[in-house]
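A look at the structure
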Amino acid sequence: KQEAKALETELLEDYRFGKQQLIEILGHSCAVAVTKVYPLNTLPKKQPTVLVICGPEQNGATGLVCARNLRAFDYEPTIFYPKRSVDSIYKDLTIQCEKMDIPFLSYLPTEVQLINDAYNLVVDAVLGAEEDTEELKEPWATILATMRQIKIPIVSLDIPSGWDVETGNSQGITPEVLISLSAPKTCAIHFTGKHHFITGRFLPYDIQKKFDLNLPKYPGTECVVEI
């Protein structure tokens, strides 16, 4: 957790990446990873629907960008974003989604079958590395309880919601796909799903070396790689 924070601080302060720039790069990469596992022509439902559940912090903002890019890739995302951040960057990302005619849910159905019937998959952008999973407040505890019962595939961004960033799954969900942002967090050791992607191609070589990331080789011009 500390290394991830230090890495991001260095990108922002020393390498002069903008916060919105980083969120944009990561969110786009996440959308690309989704298209690799779930191409449009393989989705089981007639409409290419995707539910993107966004939390209040940076993981949620990455989910907003992921949703907008999925829309550009001809998917039909719907966003559930119950606690909208007051951060101006996150507000801008929200407006961009609204301008792309992406619908926002006013509530998450507690009857899980409604979610299973309406969507092909769920993107979990709820609780990232910055969240404390010890004491989950509302609405996140209820949302997590609902997500645990979902039967359609779940794609988690960076850390599956409810997992501890170091020790893994204590009360969290069991995603089919994990997309590690920049580099895998320690909890990824405990991931037992089908697909694990990394989105760290953009990281400067000196940062990769400094944090001893040992990132895999990205094929061609790919922005994500499956490990």
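Every chain is numbered independently, its residues counted from 1 as its sequence is written. It should be noted that, the model being predicted, local features are given only for residues of pLDDT at least 70 and side-chain atom pairs only at 80 or more, the latter also being counted only at that level, while totals for whole chains, interfaces and linings use all residues. With hydrogens and water stripped out, all remaining heavy atoms of the structure feed into the side-chain values.

You'll find the chain entered in an unreviewed UniProt entry as ApoA-I-binding protein 2, with Engystomops pustulosus given as the organism.

1. Describing the packing of aromatic side chains
Planes of paired rings set the category: under 30 degrees apart is stacked, over 60 is edge-to-face and the rest tilted, where pairs are Phe, Tyr or Trp rings (Trp by its six-membered ring) whose centres lie within 6.5 Å. In the structure shown here, the tally under the stated rule is one aromatic pair. Between Phe17 and Phe202, the ring centres sit 6.1 Å apart and the planes meet at 70 degrees, which makes this aromatic pair edge-to-face. With Phe17 in the loop between helix H1 (2-13) and helix H2 (19-37) and Phe202 in the loop between strand S9 (195-198) and helix H7 (205-210), this residue pair connects regions lying 185 residues apart in the sequence. By relative accessible area, Phe17 is classed as buried at 16%. We call a charge positioned above a ring when the Lys NZ or Arg CZ atom is no farther than 6 Å from the ring centre and deviates by at most 35 degrees from the ring normal. Its end group placed over the ring of Phe104, Arg84 keeps NZ or CZ at 4.6 Å from the ring centre. Put simply, DSSP marks the helices as runs of H or I at least four residues long and the strands as runs of E at least two long, and each gets a number from the N terminus on. Using a 1.4 Å probe on the protein chains alone, a residue whose accessible area is under 20% of its type maximum counts as buried, one over 50% counts as exposed, and one in between counts as partly exposed.

2. A few points about the nonpolar core
To form a nonpolar core, buried Ala, Val, Leu, Ile, Met, Phe, Trp, Tyr and Cys residues must be joined to one another through side-chain atoms within 4.5 Å. Ranked by internal contacts, the top residues of the largest apolar core, which has 51 residues, are Ile79, Val123 and Ile179. Of all the elements, H2 adds the most residues to this core, at nine residues. The contact criterion used is simple: two residues touch if any of their non-hydrogen atoms lie within 4.5 Å. For Ile79, the contacting residues outside a window of four places in its chain are Val52, Cys54, Leu64, Ala67, Cys97, Ile102, Pro103, Phe104 and Leu105. Core analysis: the second largest hydrophobic core is formed by 18 residues, Ile115, Tyr119, Val122 and Ile173 among them.

3. Some remarks on the packing of helix H3 (residues 58-72) against helix H4 (residues 88-99)
Convention adopted: a line fitted to C-alpha atoms gives each axis, helices being fitted over their contacting stretch, and angles between N-to-C directions are expressed from 0 to 180 degrees. It is at 9 Å that the axes of H3 and H4 come closest, and there the two elements cross at 25 degrees. Taken as axis vectors, H3 and H4 run roughly parallel relative to one another. Of the two possible hands of crossing, H3 and H4 adopt the one that is left-handed. Along its contact with H3, which presents Gln58, Ala61, Leu64, Val65 and Arg68, the element H4 presents Tyr90, Leu93, Thr94, Gln96 and Cys97. Note on residue categories: nonpolar means Ala, Val, Leu, Ile, Met, Phe, Trp, Tyr, Cys or Pro, charged means Asp, Glu, Lys or Arg, and polar means any other residue, Gly included. Taken together, the residues of the contact of H3 with H4 sort by class into six nonpolar, three polar and one charged. By definition in this entry, angles of less than 35 degrees are roughly parallel, angles greater than 145 are roughly antiparallel, angles of 65 to 115 are roughly perpendicular, and the rest are oblique. In this scheme the handedness of a crossing depends on how the near helix is turned from the far one: anticlockwise by less than a right angle means left-handed, clockwise means right-handed.

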